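These are the residues of each chain, in order.
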Amino acid sequence: MQKQIKSALISVFYKDNLETIVKKLGEQGVTIYSTGGTQKFIEEQGVKCVAVEDVTAYPSILGGRVKTLHPKVFGGILARRENPQDLEQLKQYEIPEIDLVIVDLYPFEETVKNTSEEQAIIEKIDIGGVSLIRAAGKNFKDVVIVASKDQYADLEKVLTENNGATSIQDRRNFASKAFEVCANYDVAISQYFLNNEPGDYFQVSVREGQVNRYGENPHQRGVYYGNLDETFNKLHGKELSFNNIVDVDAACQLIQEFTETTFAVIKHTNVCGIASRPTIKEAWDAALAGDKESAFGGVLVTNKQIDKQTAESISEIFFEILIAPGFDADALTVLQAKKNRILLEQKQPVKAKYTYKNVLNGVLLQDADNGNYKEWNDVGARAANAAERADLEFANIVCKHLKSNAIALVRDKQLVGKGCGQTSRIDALRHAIEKSKQFNFDLKGAVMASDAFFPFNDCVSIAHEAGITAVIQPGGSVRDNDSIEFTKQNNMVMVMTGMRHFRH
(Lines give C-alpha, C1' and ligand atoms only; values in the text may rest on other atoms or scores of the structure.)
Protein backbone atom coordinates (compact mmCIF):
# COMPACT_ATOMS: atom_id res chain seq x y z
CA MET A 1 0.00 0.00 0.00
CA GLN A 2 1.31 3.46 -0.95
CA LYS A 3 1.74 5.91 1.92
CA GLN A 4 2.35 9.60 1.48
CA ILE A 5 5.08 11.27 3.51
CA LYS A 6 3.41 14.19 5.28
CA SER A 7 5.83 14.72 8.18
CA ALA A 8 9.51 14.10 8.84
CA LEU A 9 11.94 14.16 11.74
CA ILE A 10 15.48 15.04 10.68
CA SER A 11 18.44 14.95 13.08
CA VAL A 12 21.82 14.17 11.57
CA PHE A 13 25.52 14.50 12.33
CA TYR A 14 26.56 14.55 8.65
CA LYS A 15 24.75 17.08 6.51
CA ASP A 16 26.49 16.30 3.20
CA ASN A 17 24.02 16.01 0.31
CA LEU A 18 21.07 16.70 2.62
CA GLU A 19 20.22 20.05 1.02
CA THR A 20 18.39 18.60 -2.01
CA ILE A 21 16.25 16.31 0.15
CA VAL A 22 15.30 19.08 2.56
CA LYS A 23 14.24 21.36 -0.29
CA LYS A 24 12.27 18.57 -1.96
CA LEU A 25 10.41 17.87 1.30
CA GLY A 26 9.68 21.58 1.64
CA GLU A 27 8.31 21.74 -1.91
CA GLN A 28 6.02 18.80 -1.18
CA GLY A 29 4.56 20.49 1.90
CA VAL A 30 6.05 18.04 4.39
CA THR A 31 6.11 19.23 8.01
CA ILE A 32 9.71 18.93 9.23
CA TYR A 33 10.74 18.55 12.89
CA SER A 34 14.37 18.93 13.88
CA THR A 35 16.88 19.86 16.58
CA GLY A 36 20.02 21.88 17.10
CA GLY A 37 22.49 22.10 14.24
CA THR A 38 20.24 20.21 11.85
CA GLN A 39 17.38 22.64 12.47
CA LYS A 40 19.71 25.56 11.76
CA PHE A 41 20.90 23.88 8.55
CA ILE A 42 17.33 23.28 7.33
CA GLU A 43 16.31 26.86 8.01
CA GLU A 44 19.39 28.11 6.15
CA GLN A 45 18.02 26.32 3.08
CA GLY A 46 14.93 28.50 3.29
CA VAL A 47 12.74 25.61 4.49
CA LYS A 48 10.38 25.95 7.47
CA CYS A 49 11.12 23.71 10.42
CA VAL A 50 9.45 22.96 13.78
CA ALA A 51 11.81 22.61 16.73
CA VAL A 52 11.45 19.30 18.57
CA GLU A 53 11.53 21.28 21.81
CA ASP A 54 8.30 23.01 20.77
CA VAL A 55 6.64 19.59 20.45
CA THR A 56 7.97 18.08 23.67
CA ALA A 57 8.02 21.28 25.76
CA TYR A 58 11.44 20.14 26.97
CA PRO A 59 14.77 21.64 25.91
CA SER A 60 17.82 19.67 24.87
CA ILE A 61 19.52 18.81 28.18
CA LEU A 62 22.69 17.29 29.62
CA GLY A 63 24.92 18.91 27.06
CA GLY A 64 22.91 17.49 24.17
CA ARG A 65 22.82 13.95 25.53
CA VAL A 66 19.00 14.07 25.68
CA LYS A 67 17.19 15.72 22.78
CA THR A 68 14.63 13.44 21.16
CA LEU A 69 14.07 10.83 23.89
CA HIS A 70 10.46 11.77 24.64
CA PRO A 71 7.02 10.10 24.27
CA LYS A 72 5.83 12.89 21.98
CA VAL A 73 8.62 11.96 19.53
CA PHE A 74 8.57 8.20 19.86
CA GLY A 75 4.80 8.04 20.07
CA GLY A 76 4.56 9.74 16.69
CA ILE A 77 6.96 7.22 15.20
CA LEU A 78 5.68 4.02 16.81
CA ALA A 79 1.95 4.62 16.54
CA ARG A 80 0.25 1.97 14.37
CA ARG A 81 -1.84 3.85 11.88
CA GLU A 82 -4.37 1.02 11.54
CA ASN A 83 -4.84 0.78 15.32
CA PRO A 84 -7.71 3.02 16.55
CA GLN A 85 -6.45 3.00 20.15
CA ASP A 86 -2.99 4.21 19.05
CA LEU A 87 -4.54 6.99 17.00
CA GLU A 88 -6.83 7.98 19.86
CA GLN A 89 -3.83 8.28 22.21
CA LEU A 90 -1.96 10.43 19.68
CA LYS A 91 -4.96 12.75 19.68
CA GLN A 92 -5.33 12.66 23.47
CA TYR A 93 -1.69 13.60 24.12
CA GLU A 94 -1.34 15.91 21.10
CA ILE A 95 1.38 13.79 19.50
CA PRO A 96 2.05 14.45 15.80
CA GLU A 97 2.44 11.48 13.45
CA ILE A 98 5.92 11.14 11.95
CA ASP A 99 6.11 9.42 8.56
CA LEU A 100 9.80 9.83 7.77
CA VAL A 101 12.84 9.71 10.06
CA ILE A 102 16.22 10.81 8.75
CA VAL A 103 18.87 10.26 11.36
CA ASP A 104 22.47 9.11 11.42
CA LEU A 105 24.79 8.11 14.23
CA TYR A 106 27.70 9.81 15.92
CA PRO A 107 30.99 8.76 14.28
CA PHE A 108 32.06 6.26 16.92
CA GLU A 109 34.36 4.16 14.71
CA GLU A 110 36.09 7.23 13.28
CA THR A 111 36.63 8.61 16.77
CA VAL A 112 38.21 5.35 17.96
CA LYS A 113 40.58 5.46 14.98
CA ASN A 114 41.58 9.07 15.61
CA THR A 115 41.99 9.23 19.39
CA SER A 116 42.65 7.14 22.47
CA GLU A 117 40.97 9.64 24.79
CA GLU A 118 38.26 7.60 26.47
CA GLN A 119 35.89 10.45 27.26
CA ALA A 120 35.88 11.64 23.65
CA ILE A 121 35.12 8.10 22.51
CA ILE A 122 32.36 7.55 25.08
CA GLU A 123 30.62 10.78 24.04
CA LYS A 124 30.36 9.39 20.51
CA ILE A 125 28.18 6.49 21.64
CA ASP A 126 24.86 7.51 20.16
CA ILE A 127 21.73 6.89 22.22
CA GLY A 128 18.92 8.89 20.69
CA GLY A 129 19.89 8.12 17.09
CA VAL A 130 19.91 4.36 17.62
CA SER A 131 16.57 4.57 19.46
CA LEU A 132 15.00 6.56 16.62
CA ILE A 133 16.31 4.12 14.01
CA ARG A 134 15.00 1.10 15.86
CA ALA A 135 11.61 2.70 16.50
CA ALA A 136 11.12 3.74 12.88
CA GLY A 137 12.46 0.42 11.60
CA LYS A 138 10.09 -1.50 13.86
CA ASN A 139 7.15 0.47 12.51
CA PHE A 140 8.21 0.17 8.86
CA LYS A 141 4.62 -0.54 7.86
CA ASP A 142 3.93 3.15 8.41
CA VAL A 143 7.30 4.92 8.64
CA VAL A 144 10.29 5.41 6.34
CA ILE A 145 13.67 5.28 8.10
CA VAL A 146 16.83 6.63 6.49
CA ALA A 147 19.76 5.81 8.78
CA SER A 148 22.76 6.80 6.70
CA LYS A 149 23.80 9.41 4.17
CA ASP A 150 24.53 6.45 1.88
CA GLN A 151 20.73 6.11 1.48
CA TYR A 152 20.04 9.73 0.57
CA ALA A 153 20.09 8.93 -3.15
CA ASP A 154 17.45 6.22 -2.67
CA LEU A 155 15.25 8.58 -0.69
CA GLU A 156 15.66 11.34 -3.25
CA LYS A 157 14.56 8.92 -5.97
CA VAL A 158 11.38 8.09 -4.02
CA LEU A 159 10.62 11.75 -3.41
CA THR A 160 11.18 12.66 -7.06
CA GLU A 161 9.66 9.73 -8.91
CA ASN A 162 6.74 8.99 -6.58
CA ASN A 163 6.13 12.50 -5.25
CA GLY A 164 6.88 11.33 -1.69
CA ALA A 165 4.72 8.19 -1.72
CA THR A 166 6.31 4.92 -0.60
CA SER A 167 5.32 1.27 -0.96
CA ILE A 168 5.54 -1.31 1.79
CA GLN A 169 8.53 -2.82 -0.02
CA ASP A 170 10.26 0.59 -0.11
CA ARG A 171 9.78 0.97 3.63
CA ARG A 172 10.92 -2.59 4.36
CA ASN A 173 14.07 -2.04 2.27
CA PHE A 174 14.91 1.16 4.14
CA ALA A 175 14.30 -0.63 7.47
CA SER A 176 16.57 -3.53 6.58
CA LYS A 177 19.39 -1.11 5.79
CA ALA A 178 18.72 0.78 9.01
CA PHE A 179 18.99 -2.31 11.20
CA GLU A 180 22.26 -3.16 9.45
CA VAL A 181 23.58 0.28 10.41
CA CYS A 182 22.57 -0.31 14.04
CA ALA A 183 24.08 -3.78 14.14
CA ASN A 184 27.42 -2.57 12.78
CA TYR A 185 27.43 0.30 15.27
CA ASP A 186 26.72 -1.96 18.24
CA VAL A 187 29.47 -4.38 17.25
CA ALA A 188 31.98 -1.53 17.02
CA ILE A 189 31.05 -0.35 20.53
CA SER A 190 31.15 -3.87 21.93
CA GLN A 191 34.59 -4.50 20.40
CA TYR A 192 35.88 -1.28 21.92
CA PHE A 193 34.83 -2.35 25.41
CA LEU A 194 36.23 -5.85 24.80
CA ASN A 195 39.54 -4.36 23.62
CA ASN A 196 38.97 -6.33 20.40
CA GLU A 197 39.34 -9.59 22.31
CA PRO A 198 36.91 -12.52 21.86
CA GLY A 199 33.83 -12.30 24.07
CA ASP A 200 30.82 -14.51 24.74
CA TYR A 201 29.52 -13.90 21.21
CA PHE A 202 31.29 -14.13 17.86
CA GLN A 203 31.05 -10.57 16.57
CA VAL A 204 32.43 -9.28 13.31
CA SER A 205 31.03 -6.40 11.33
CA VAL A 206 32.76 -5.12 8.22
CA ARG A 207 31.26 -2.49 5.96
CA GLU A 208 31.59 -1.87 2.23
CA GLY A 209 30.73 -5.16 0.59
CA GLN A 210 32.15 -5.60 -2.90
CA VAL A 211 30.29 -8.13 -5.04
CA ASN A 212 32.63 -10.42 -6.96
CA ARG A 213 31.75 -11.80 -10.39
CA TYR A 214 31.48 -15.14 -8.60
CA GLY A 215 32.96 -17.01 -5.66
CA GLU A 216 35.64 -19.69 -5.70
CA ASN A 217 33.80 -21.26 -8.66
CA PRO A 218 31.39 -19.78 -11.23
CA HIS A 219 28.32 -21.39 -9.65
CA GLN A 220 29.04 -19.73 -6.27
CA ARG A 221 28.17 -16.18 -5.29
CA GLY A 222 31.01 -14.17 -3.79
CA VAL A 223 31.30 -10.90 -1.85
CA TYR A 224 34.35 -9.23 -0.27
CA TYR A 225 33.65 -7.15 2.82
CA GLY A 226 36.38 -4.66 3.49
CA ASN A 227 38.19 -1.68 2.01
CA LEU A 228 41.00 -2.70 -0.35
CA ASP A 229 41.82 0.98 -0.91
CA GLU A 230 43.15 1.20 2.66
CA THR A 231 45.87 -1.33 1.78
CA PHE A 232 46.47 -0.81 -1.94
CA ASN A 233 46.54 1.69 -4.73
CA LYS A 234 45.25 -0.23 -7.74
CA LEU A 235 47.34 1.12 -10.60
CA HIS A 236 46.16 -1.05 -13.46
CA GLY A 237 44.06 -4.01 -14.52
CA LYS A 238 40.70 -5.65 -14.05
CA GLU A 239 38.76 -6.03 -10.81
CA LEU A 240 40.08 -8.49 -8.27
CA SER A 241 38.17 -11.78 -8.24
CA PHE A 242 37.29 -13.84 -5.16
CA ASN A 243 40.29 -16.13 -5.76
CA ASN A 244 42.55 -13.17 -6.52
CA ILE A 245 41.75 -11.65 -3.13
CA VAL A 246 42.54 -14.91 -1.34
CA ASP A 247 45.89 -15.20 -3.14
CA VAL A 248 46.75 -11.54 -2.59
CA ASP A 249 46.21 -12.02 1.15
CA ALA A 250 48.51 -15.07 1.15
CA ALA A 251 51.14 -13.15 -0.81
CA CYS A 252 51.08 -10.17 1.55
CA GLN A 253 51.16 -12.37 4.66
CA LEU A 254 54.28 -14.06 3.29
CA ILE A 255 56.28 -11.10 1.99
CA GLN A 256 55.93 -9.05 5.15
CA GLU A 257 57.99 -11.67 6.99
CA PHE A 258 61.12 -10.55 5.09
CA THR A 259 63.29 -7.45 5.38
CA GLU A 260 65.89 -8.34 2.74
CA THR A 261 65.06 -7.75 -0.93
CA THR A 262 62.73 -10.65 -1.62
CA PHE A 263 60.47 -11.77 -4.47
CA ALA A 264 57.84 -14.51 -4.28
CA VAL A 265 55.39 -16.28 -6.58
CA ILE A 266 52.09 -17.53 -5.14
CA LYS A 267 49.72 -20.07 -6.66
CA HIS A 268 46.50 -21.13 -4.91
CA THR A 269 47.87 -19.52 -1.69
CA ASN A 270 51.01 -21.69 -1.75
CA VAL A 271 54.53 -20.41 -2.38
CA CYS A 272 55.90 -21.89 -5.57
CA GLY A 273 58.98 -19.68 -5.81
CA ILE A 274 60.74 -17.28 -3.47
CA ALA A 275 64.25 -15.88 -3.07
CA SER A 276 66.15 -13.12 -1.29
CA ARG A 277 68.96 -11.43 -3.22
CA PRO A 278 70.94 -8.15 -3.23
CA THR A 279 68.84 -6.67 -6.07
CA ILE A 280 65.19 -7.00 -7.04
CA LYS A 281 66.07 -8.34 -10.50
CA GLU A 282 68.22 -11.08 -8.98
CA ALA A 283 65.47 -11.90 -6.47
CA TRP A 284 62.91 -12.19 -9.28
CA ASP A 285 65.17 -14.41 -11.40
CA ALA A 286 65.86 -16.73 -8.47
CA ALA A 287 62.19 -16.88 -7.40
CA LEU A 288 61.05 -17.73 -10.92
CA ALA A 289 63.76 -20.37 -11.30
CA GLY A 290 62.34 -22.22 -8.29
CA ASP A 291 59.33 -23.39 -10.30
CA LYS A 292 58.90 -21.81 -13.73
CA GLU A 293 56.02 -24.12 -14.51
CA SER A 294 53.81 -23.23 -11.54
CA ALA A 295 54.52 -19.51 -11.91
CA PHE A 296 52.25 -19.36 -14.97
CA GLY A 297 49.17 -17.33 -14.03
CA GLY A 298 50.47 -16.72 -10.53
CA VAL A 299 50.43 -13.82 -8.08
CA LEU A 300 53.80 -12.05 -7.78
CA VAL A 301 54.85 -10.07 -4.74
CA THR A 302 57.95 -8.21 -3.60
CA ASN A 303 58.97 -5.90 -0.76
CA LYS A 304 60.97 -3.49 -2.96
CA GLN A 305 60.18 -1.03 -5.72
CA ILE A 306 59.92 -2.46 -9.24
CA ASP A 307 62.43 -1.04 -11.75
CA LYS A 308 62.27 -1.17 -15.54
CA GLN A 309 64.73 -4.06 -15.92
CA THR A 310 62.75 -6.26 -13.56
CA ALA A 311 59.48 -5.22 -15.18
CA GLU A 312 60.75 -6.26 -18.60
CA SER A 313 61.79 -9.65 -17.27
CA ILE A 314 58.48 -10.17 -15.45
CA SER A 315 56.57 -9.27 -18.61
CA GLU A 316 58.00 -12.30 -20.38
CA ILE A 317 55.60 -14.57 -18.47
CA PHE A 318 51.84 -14.56 -17.98
CA PHE A 319 50.82 -13.52 -14.48
CA GLU A 320 47.60 -12.34 -12.86
CA ILE A 321 48.75 -9.85 -10.22
CA LEU A 322 51.92 -8.02 -9.20
CA ILE A 323 52.15 -6.48 -5.71
CA ALA A 324 54.94 -4.10 -4.73
CA PRO A 325 55.46 -1.09 -2.44
CA GLY A 326 56.22 1.03 -5.52
CA PHE A 327 56.86 1.11 -9.26
CA ASP A 328 59.28 3.24 -11.26
CA ALA A 329 57.45 5.25 -13.93
CA ASP A 330 59.18 3.44 -16.83
CA ALA A 331 58.48 0.08 -15.13
CA LEU A 332 54.77 0.93 -15.03
CA THR A 333 54.82 1.75 -18.75
CA VAL A 334 56.21 -1.71 -19.47
CA LEU A 335 53.81 -3.54 -17.15
CA GLN A 336 50.69 -1.71 -18.31
CA ALA A 337 51.11 -2.97 -21.86
CA LYS A 338 48.71 -5.84 -21.05
CA LYS A 339 45.31 -4.43 -20.08
CA ASN A 340 44.20 -7.17 -17.68
CA ARG A 341 47.32 -7.33 -15.51
CA ILE A 342 46.51 -6.22 -12.00
CA LEU A 343 49.17 -3.95 -10.49
CA LEU A 344 48.82 -3.21 -6.78
CA GLU A 345 50.91 -0.70 -4.88
CA GLN A 346 50.86 -1.83 -1.26
CA LYS A 347 50.55 1.03 1.22
CA GLN A 348 50.49 -0.82 4.54
CA PRO A 349 51.03 -4.31 5.91
CA VAL A 350 48.20 -6.83 6.26
CA LYS A 351 47.69 -7.45 9.96
CA ALA A 352 45.39 -9.96 11.60
CA LYS A 353 45.16 -10.57 15.32
CA TYR A 354 42.79 -13.51 14.82
CA THR A 355 41.73 -15.81 12.04
CA TYR A 356 38.42 -17.63 11.78
CA LYS A 357 36.43 -19.96 9.58
CA ASN A 358 32.88 -21.27 9.56
CA VAL A 359 32.59 -25.00 10.33
CA LEU A 360 29.80 -27.31 11.51
CA ASN A 361 27.22 -24.52 11.67
CA GLY A 362 29.55 -22.56 13.90
CA VAL A 363 32.79 -20.58 13.86
CA LEU A 364 36.35 -21.50 14.81
CA LEU A 365 38.46 -18.57 15.98
CA GLN A 366 42.15 -18.61 16.78
CA ASP A 367 45.13 -16.30 17.25
CA ALA A 368 46.87 -15.54 13.97
CA ASP A 369 50.07 -17.54 13.42
CA ASN A 370 52.33 -14.54 13.90
CA GLY A 371 55.39 -16.25 15.38
CA ASN A 372 58.16 -18.23 13.70
CA TYR A 373 59.86 -20.11 16.53
CA LYS A 374 59.78 -20.18 20.34
CA GLU A 375 63.33 -21.38 20.69
CA TRP A 376 66.39 -22.26 18.63
CA ASN A 377 67.51 -25.57 20.02
CA ASP A 378 70.45 -27.26 18.23
CA VAL A 379 69.93 -30.97 18.92
CA GLY A 380 71.85 -32.53 16.01
CA ALA A 381 75.48 -33.43 15.50
CA ARG A 382 76.59 -29.79 15.40
CA ALA A 383 75.34 -26.22 15.51
CA ALA A 384 74.34 -24.58 12.25
CA ASN A 385 76.96 -22.35 10.68
CA ALA A 386 76.00 -18.80 9.63
CA ALA A 387 74.94 -19.75 6.10
CA GLU A 388 72.95 -22.76 7.29
CA ARG A 389 71.23 -20.72 9.96
CA ALA A 390 70.20 -18.06 7.44
CA ASP A 391 68.79 -20.73 5.15
CA LEU A 392 67.03 -22.52 8.00
CA GLU A 393 65.32 -19.31 9.12
CA PHE A 394 64.29 -18.62 5.53
CA ALA A 395 63.00 -22.16 5.01
CA ASN A 396 61.05 -22.10 8.28
CA ILE A 397 59.17 -18.98 7.19
CA VAL A 398 58.42 -20.38 3.74
CA CYS A 399 57.21 -23.69 5.15
CA LYS A 400 54.89 -21.84 7.51
CA HIS A 401 53.09 -20.43 4.46
CA LEU A 402 52.58 -23.78 2.71
CA LYS A 403 49.54 -26.00 3.17
CA SER A 404 50.11 -28.97 5.48
CA ASN A 405 51.69 -31.41 5.33
CA ALA A 406 54.51 -29.19 4.14
CA ILE A 407 58.23 -29.45 3.41
CA ALA A 408 60.42 -26.62 2.09
CA LEU A 409 63.90 -27.14 0.67
CA VAL A 410 66.12 -24.06 0.55
CA ARG A 411 69.62 -23.28 -0.61
CA ASP A 412 71.22 -19.82 -0.57
CA LYS A 413 67.89 -18.20 0.42
CA GLN A 414 66.11 -19.67 -2.57
CA LEU A 415 63.24 -22.14 -2.49
CA VAL A 416 64.55 -25.08 -4.52
CA GLY A 417 61.85 -27.62 -3.75
CA LYS A 418 58.58 -27.81 -1.89
CA GLY A 419 55.86 -30.32 -1.09
CA CYS A 420 52.56 -29.13 0.28
CA GLY A 421 49.01 -30.30 0.94
CA GLN A 422 50.11 -33.91 1.19
CA THR A 423 48.48 -36.51 3.41
CA SER A 424 51.83 -37.72 4.75
CA ARG A 425 55.03 -35.85 5.55
CA ILE A 426 57.16 -38.32 3.68
CA ASP A 427 55.08 -37.73 0.54
CA ALA A 428 55.59 -33.99 0.95
CA LEU A 429 59.36 -34.56 1.11
CA ARG A 430 59.36 -36.84 -1.92
CA HIS A 431 57.38 -34.27 -3.85
CA ALA A 432 59.82 -31.51 -2.81
CA ILE A 433 62.82 -33.54 -3.96
CA GLU A 434 61.13 -34.34 -7.28
CA LYS A 435 60.45 -30.64 -7.81
CA SER A 436 64.09 -29.80 -7.18
CA LYS A 437 65.17 -32.40 -9.72
CA GLN A 438 62.64 -31.12 -12.26
CA PHE A 439 64.37 -27.74 -12.26
CA ASN A 440 67.92 -29.12 -11.96
CA PHE A 441 68.77 -27.99 -8.45
CA ASP A 442 71.64 -29.61 -6.57
CA LEU A 443 70.48 -30.32 -3.02
CA LYS A 444 73.99 -30.81 -1.69
CA GLY A 445 74.27 -28.39 1.21
CA ALA A 446 70.57 -27.48 1.11
CA VAL A 447 68.38 -27.27 4.23
CA MET A 448 64.93 -28.66 4.96
CA ALA A 449 62.03 -27.20 6.97
CA SER A 450 58.98 -29.12 8.15
CA ASP A 451 55.78 -27.54 9.43
CA ALA A 452 55.39 -30.26 12.07
CA PHE A 453 57.45 -32.94 13.82
CA PHE A 454 58.83 -36.13 12.26
CA PRO A 455 57.12 -39.20 13.74
CA PHE A 456 59.97 -41.38 12.42
CA ASN A 457 63.49 -40.86 11.13
CA ASP A 458 62.52 -41.71 7.54
CA CYS A 459 62.31 -38.05 6.43
CA VAL A 460 65.73 -37.06 7.75
CA SER A 461 67.15 -40.25 6.23
CA ILE A 462 65.74 -39.42 2.78
CA ALA A 463 66.88 -35.80 3.17
CA HIS A 464 70.43 -36.91 4.01
CA GLU A 465 70.50 -39.22 1.01
CA ALA A 466 69.48 -36.26 -1.20
CA GLY A 467 72.39 -34.13 0.09
CA ILE A 468 70.57 -32.03 2.68
CA THR A 469 72.79 -31.10 5.63
CA ALA A 470 70.49 -29.22 8.01
CA VAL A 471 66.89 -29.59 9.20
CA ILE A 472 64.52 -27.33 11.12
CA GLN A 473 61.31 -28.64 12.70
CA PRO A 474 59.16 -27.93 15.76
CA GLY A 475 59.80 -31.25 17.52
CA GLY A 476 57.31 -32.76 19.92
CA SER A 477 57.10 -36.37 18.73
CA VAL A 478 57.43 -39.16 21.27
CA ARG A 479 60.07 -40.49 18.85
CA ASP A 480 62.03 -37.28 18.40
CA ASN A 481 65.16 -39.14 19.48
CA ASP A 482 65.01 -41.37 16.38
CA SER A 483 65.52 -38.35 14.13
CA ILE A 484 67.98 -36.70 16.50
CA GLU A 485 70.16 -39.80 16.64
CA PHE A 486 70.18 -40.08 12.85
CA THR A 487 71.43 -36.48 12.49
CA LYS A 488 74.12 -37.09 15.11
CA GLN A 489 75.33 -40.19 13.30
CA ASN A 490 75.46 -38.37 9.96
CA ASN A 491 76.92 -34.98 10.96
CA MET A 492 73.65 -33.16 10.24
CA VAL A 493 72.25 -30.05 11.87
CA MET A 494 68.85 -30.34 13.49
CA VAL A 495 67.10 -27.37 15.03
CA MET A 496 63.93 -27.71 17.09
CA THR A 497 61.82 -24.57 17.38
CA GLY A 498 59.00 -25.62 19.69
CA MET A 499 56.49 -24.00 17.31
CA ARG A 500 54.35 -25.97 14.88
CA HIS A 501 52.91 -24.33 11.75
CA PHE A 502 50.00 -26.43 10.52
CA ARG A 503 47.99 -24.72 7.79
CA HIS A 504 44.73 -26.31 6.67
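From a predicted model like this one, the values you see are computed outputs, not experimental measurements. (Residues numbered from 1 in each chain as written. Predicted model: local features only at pLDDT ≥ 70, side-chain atom pairs only at ≥ 80, totals over all residues. Heavy atoms only, no water.)

Broken down by element type, the protein chain carries 18 helices and 23 strands. A globule of 504 residues ought to have a C-alpha radius of gyration of about 23 Å, yet the protein chain, at 31 Å, is considerably larger. When the backbone C-alpha atoms are referred to their principal axes, the protein chain occupies close to 95 × 55 × 45 Å. A buried classification covers 48% of the 504 residues belonging to the protein chain. (Helix = DSSP H or I, 4+ residues; strand = E, 2+ residues; numbered from the N terminus. Rg over C-alpha atoms; globule rule 2.2 N^0.38 Å. Buried < 20%, exposed > 50% of the residue type's maximum accessible area, 1.4 Å probe, protein only.)

We now examine the pattern of salt bridges. Evaluated as defined, the whole model comprises 21 salt bridges. The partner of Asp86 in a salt bridge is Arg80, with the nearest N and O atoms 2.7 Å apart. Note that Arg207 and Asp150 form a salt bridge whose closest N and O atoms lie 3.5 Å from each other. In this pair, Arg207 sits in the loop between helix H10 (168–193) and strand E8 (209–211) while Asp150 sits in the loop between strand E6 (144–146) and helix H9 (152–161), placing the two residues 57 residues apart along the sequence. Through salt bridges with shared partners, a single network forms among Asp291, Glu293, Lys418 and Lys435. (Salt bridge = Lys/Arg side-chain N within 4 Å of Asp/Glu carboxyl O.)

Within this structure, the stated rule accounts for zero disulfides. Of all cysteine sulfurs, the one in Cys272 lies closest to Cys420, which takes part in no disulfide; the gap is 9.1 Å. (Disulfide = S-S within 2.5 Å.)

If you walk across this open sheet you meet the six strands as E10-E15-E14-E13-E11-E12, and the pairing is mixed. Where the open sheet ends on each side, the last strands, each with one partner, are strand E10 (232–236) and strand E12 (270–276). Here the strands of the sheet are splayed against their neighbours by 20° on average, with no regard to which way each runs. Pairing geometry for strand E11 (residues 262–267) and E12, over six bridges, is antiparallel. Note that in E12 the partner of Ala264 across the bridge is Ile274. Along the sheet, helix H11 (residues 242–255) contacts E10, E11, E12, strand E13 (298–302), strand E14 (319–324) and strand E15 (342–346); its crossing angle with E11, the most-contacted strand, is approximately 150°. (Pairing = 2+ DSSP bridges. Axes fitted to C-alpha atoms, helices over the stretch in contact; angles between N-to-C directions. Contact = heavy atoms within 4.5 Å.)

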